[in-house]
Amino acid sequence: MRRMGDIDRVRDYLTGLQDRICAAIETADGSARFADDSWAREEGGGGRTRILREGHVFEQAGIGFSDVSGTKLPPSATAARPELAGASWRAVGVSLVFHPRNPHVPTTHANVRHFRAVRDGETVAWWFGGGFDLTPFYPVDADVLHWHRTARDLCAPFGDDRYAAHKRWCDEYFFLKHRGETRGVGGLFFDDLHTDFERDFDYLRAVGDCFLDAYLPIVARRRDDAYGEQERAFQLYRRGRYVEFNLLWDRGTLFGIQSGGRSESILMSLPPLVRWEYGFAPDADSPEARLQDYLRPRDWLGELSD
């Protein structure tokens, strides 16, 4: 049985992680700052949502911390885990989505979270989940390599199969079934990690701490790349895929809405501007057409290694 204080240790780490990432992104942007929107949830708990808008680098960057609790889980949770029916619960997490202004800078998402369910004073379930993934519109092989090398290296202390397993899980989870394509070039995804609390917590921290190492060098390389109306239009079109995934397939969005979560904070992942175009097809051999070859599960480290 896990101690009551364990989840508070996770909470303390997560609030610090949100602070550190906000400070780093403000420095990288150089002009805009995060606005802090603290909120309370009637059923239990609350959080703080931070949004940066109209920056030099980031058109919108959202990062939210939440510590929410309740006495009844939504159907999407108990259908998969019937043993949780009737249990009270508490969930803490940090989730972020950054939408850069320059189409050559990839969109990114990261999430780290912890869940605990209690019945009659006894813990009946606990687990960690999270990961990070990258969504470029004009992919650069060196950036994809850097992203996956960082993911592989942070996984190395946790077993030889950790990177391969969680990379594959990411490819499978962030797959738009109705489009037959991945959301981007993947990364790491894990859920229901509950083998050893201290080791699993160490892994959660490795994922959270390494996110900036994976992302900021890519931002620095691409932030000043030239672009025009064509690249901007394609960026807005491809952002539509991001919206489709989050509203149709993302389990976190569904859990948040069904559990009575705060809609503004749940939907902060959506881009500020987006467009759809019926029957869009890029010109053959164009930079836009090149993206399609990246929207499938691939052994990036094996195929692109220099």
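These remarks concern the structure in this document. Given the structure is predicted, the values throughout are model-derived calculations rather than measurements.

Examining the sheet that holds strand β2 (residues 45-53)
Either a parallel or an antiparallel arrangement is found when strands of a sheet pair, and the pairing is made through backbone hydrogen bonds.
Phase 1: An order of β1-β2-β3-β4-β5-β6-β9 is seen for the seven strands of this open sheet, with the pairing classed as antiparallel. Of all the strands in the sheet, the pair left with one neighbour each is β1 (35-40) and β9 (186-193). For this sheet the average axis-to-axis angle between neighbouring strands, irrespective of direction, equals 5 degrees.
Phase 2: Pairing of strand β5 (residues 107-119) with strand β6 (residues 122-135) involves 13 bridges; the strand directions are antiparallel. Directly across from Thr-107, in β6, lies its bridge partner Thr-135.

Some words on the environment of His-114
Phase 1: With respect to the helices and strands, His-114 occurs in strand β5.
Phase 2: Between the alpha carbons of His-114 and Phe-201 there is a distance of 9.0 Å; along the sequence they are 87 residues apart.
Phase 3: Not counting residues within four places of it along the chain, the set of residues in contact with His-114 comprises Ile-7, Val-10, Arg-90, Ala-91, Val-92, Trp-126, Trp-127, Phe-128 and Phe-197.
Phase 4: A polar contact is formed between the side chain of His-114 and the backbone oxygen of Trp-127, at a distance of 2.9 Å.

Some thoughts on the environment of Phe-174
Phase 1: By secondary structure assignment, the location of Phe-174 is in the loop between α4 (162-173) and β7 (175-176).
Phase 2: The spacing of Phe-174 and Gln-235 is 61 residues in sequence and 19 Å in space, taken between C-alpha atoms.
Phase 3: Once you skip the residues sitting within four places of it in the chain, Phe-174 turns out to touch His-109, Asp-133, Thr-182, Arg-183, Phe-189 and Phe-245.

Examining the packing of aromatic side chains
Aromatic ring pairs are described here by two measures, namely the spacing of the ring centres and the angle between the planes.
Phase 1: Under the counting rule described, the total for this entry stands at 26 aromatic pairs.
Phase 2: When the centroid spacing of 4.4 Å and the interplanar angle of 25 degrees are considered together, the rings of Phe-115 and Trp-127 count as stacked. One end of the pair, Phe-115, is in strand β5; the other, Trp-127, is in strand β6, and twelve residues separate them in sequence. Of the two residues, Phe-115 and Trp-127, both sit in the buried class.

A word on helix α7 (residues 251-258)
Phase 1: For α7, the side-chain oxygen to backbone nitrogen distance between the N-cap and Thr-253 is 2.8 Å, and the N-cap itself is Asp-250.
Phase 2: Just downstream of α7 lies Gly-260, where phi reads positive at about 75 degrees.

Points about the packing of helix α3 (residues 141-155) against helix α5 (residues 197-222)
Phase 1: Where α3 meets α5, the closest approach of the two axes is 9 Å, and the angle between their N-to-C directions is 165 degrees. When the axis of α3 is compared with that of α5, the two are roughly antiparallel. With respect to the hand of their crossing, α3 and α5 are arranged in right-handed fashion. Counting all contacts with α3, which are made through Ala-142, Asp-143, His-146, Trp-147, Thr-150, Leu-154 and Cys-155, the residues of α5 involved are Tyr-203, Ala-206, Val-207, Cys-210, Phe-211, Asp-213, Ala-214, Tyr-215, Pro-217, Ile-218, Arg-221 and Arg-222.
Phase 2: Classifying every residue of the contact of α3 with α5 by side-chain character gives 13 nonpolar, two polar and four charged.

Here's the deal with the environment of Glu-43
Phase 1: With respect to the secondary-structure elements, Glu-43 resides in the loop between β1 and β2.
Phase 2: Linking Glu-43 and Arg-33, residues ten residues apart in sequence, is a C-alpha distance of 31 Å.
Phase 3: Beyond its immediate chain neighbours, meaning those up to four positions away, Glu-43 contacts Ser-69, Gly-70, Thr-71, Lys-72 and Ser-259.
Phase 4: Within the structure, Glu-43 has its side chain in polar contact with the side chain of Arg-41 (distance 3.1 Å).

Quick look at the pairing of β1
Phase 1: Note that β1 and β2 share six bridges and pair antiparallel. By the bridge assignment, Asp-36 is partnered in β2 with Arg-50.
Phase 2: Linkage of β1 to β2, two consecutive antiparallel strands, is achieved through a turn of four residues, within which Gly-44 is found at a positive phi near 160 degrees.

Comments concerning a nonpolar patch on the surface
Phase 1: Taken together, the side chains of Leu-247, Leu-248, Trp-249 and Leu-267 present a nonpolar region at the surface, about 360 Å² in accessible area.
Phase 2: Considering the arrangement of structural elements, one finds Trp-249 in the loop between α6 (229-248) and α7.

Focus on unusual backbone geometry
Phase 1: The backbone phi angle of Glu-54 is positive, close to 50 degrees, even though this residue is not glycine.
Phase 2: One can find Glu-54 in the loop between β2 and β3 (58-70).
Phase 3: Of note in this structure, Asp-192 is not a glycine but carries a positive phi near 55 degrees.
Phase 4: Positionally, Asp-192 belongs in strand β9.
Phase 5: Of the residues examined, Asp-192 reaches a relative accessible area of 33% and is grouped as partly exposed.

Description of the packing of α3 against α4
Phase 1: Running from amino to carboxyl end, α3 crosses α4 at an angle of 130 degrees, the nearest separation of the two axes being 8 Å. Taken together, α3 and α4 sit at an angle that is classed as oblique. Of the two elements, α3 crosses α4, and the hand of that crossing is right-handed. In this structure, α3 contributes His-148, Ala-151, Arg-152 and Cys-155 to the contact, and α4 contributes Arg-162, Tyr-163 and Lys-167.
Phase 2: A breakdown of the residues in the contact of α3 with α4 according to their chemical character gives three nonpolar, one polar and three charged.

So, how was this worked out
Residues numbered from 1 in each chain as written. Predicted model: local features only at pLDDT ≥ 70, side-chain atom pairs only at ≥ 80, totals over all residues. Heavy atoms only, no water. Pairing = 2+ DSSP bridges. Helix = DSSP H or I, 4+ residues; strand = E, 2+ residues; numbered from the N terminus. Axes fitted to C-alpha atoms, helices over the stretch in contact; angles between N-to-C directions. Contact = heavy atoms within 4.5 Å. Polar contact = N/O pair within 3.5 Å; in protein donor to acceptor, adjacent residues only side chain to side chain. Phe/Tyr/Trp six-rings, centres within 6.5 Å; stacked < 30°, edge-to-face > 60°. Buried < 20%, exposed > 50% of the residue type's maximum accessible area, 1.4 Å probe, protein only. Parallel < 35°, antiparallel > 145°, perpendicular 65-115°, else oblique. Left-handed = near helix turned anticlockwise from the far one by under 90°. Nonpolar A, V, L, I, M, F, W, Y, C, P; charged D, E, K, R; others polar. Patch = residues over 30% accessible without salt bridge, like charges linked within 9 Å, V, L, I, M, F, W, Y side chains within 5 Å. Areas by Shrake-Rupley, 256 points an atom, 1.4 Å probe, with all protein chains shown as cover. Salt bridge = Lys/Arg side-chain N within 4 Å of Asp/Glu carboxyl O.

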